[in-house]
Amino acid sequence: MWKIIPRLLLGAPLAASPIAEVICAPTDQMQARLKQQFGTTRTATGMRSPEEMMEVWTDSRGDWTMVVRYASGTSCIVAMGEHWSEVKNPA
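Residues numbered from 1 in each chain as written. Predicted model: local features only at pLDDT ≥ 70, side-chain atom pairs only at ≥ 80, totals over all residues. Heavy atoms only, no water.

(A) Here's a closer look at the nonpolar core. In terms of nonpolar packing, the biggest core is built from six residues, these being A25, M30, L34, W57, V67 and I77. In contact with W57, not counting residues within four places along its chain, are Q31, L34, K35, T40, T41, R42, D63, W64, T65 and V67. (Core = buried A, V, L, I, M, F, W, Y, C linked by side-chain atoms within 4.5 Å. Buried < 20%, exposed > 50% of the residue type's maximum accessible area, 1.4 Å probe, protein only. Contact = heavy atoms within 4.5 Å.)

(B) Spatial organisation of the pairing of strand β5 (residues 64-70). As judged from the seven bridges shared by strand β4 (residues 52-58) and β5, these two strands associate in the antiparallel manner. In the strand pairing of β5, E55 is matched with V67. In textbook terms, the turn of a hairpin is the stretch between consecutive antiparallel strands, and for β4 and β5 this stretch comprises five residues, one of which, G62, has a positive phi near 100 degrees. Where β5 lies against strand β6 (residues 74-81), six bridges are found, and the strand directions are antiparallel. Residue pairing in the sheet places M66 in a bridge with A79 of β6. (Pairing = 2+ DSSP bridges. Helix = DSSP H or I, 4+ residues; strand = E, 2+ residues; numbered from the N terminus.)

(C) Representation of the side chain of D59 within the structure. One can find D59 in the loop between β4 and β5. In terms of polar contacts, D59 uses its side chain to reach the side chain of R61, at 2.9 Å. Polar contacts involving the side chain of D59 include one to the main-chain amide nitrogen of G62, which spans 3.1 Å. (Polar contact = N/O pair within 3.5 Å; in protein donor to acceptor, adjacent residues only side chain to side chain.)

(D) Seen up close, unusual backbone geometry. Its identity is not glycine, yet H83 carries a phi of approximately 60 degrees, on the positive side. Of the residues examined, H83 reaches a relative accessible area of 66% and is grouped as exposed.

(E) View of the pattern of salt bridges. With the rule as written, the count across this model stands at five salt bridges. Across the pair R48 and E52 runs a salt bridge, and its minimum N-O distance is 3.6 Å. Residue classification places R48 among the exposed residues on the basis of a relative accessible area of 55%. When the shortest N-O distance is used, the salt bridge between D59 and R61 registers 2.9 Å. Overall, D59 belongs to the buried group, its relative accessible area being 12%. Residue classification places R61 among the exposed residues on the basis of a relative accessible area of 62%. Via salt bridges that share partners, R42, E55 and R69 belong to a single interconnected network. (Salt bridge = Lys/Arg side-chain N within 4 Å of Asp/Glu carboxyl O.)

The following block contains the structure:
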């Protein structure tokens, strides 16, 4: 089951993301749904803090989802978009 947290509680502006709320679930359930239902794969990760890992999940069409994975075992979708592209030779 997905847990929805209103973005107002997080202090983030609603216009900053195409989703109106943050969707949270246990990490294993979140990852299974992103893989099986949405056909995405985890293509990038980065540590935000000792307790938080940022993940980017993308599909073959270029749709992307940004997820925060917490050490507590919960993951939350915090942003989604289209036209993801990798920079091969950054300037």
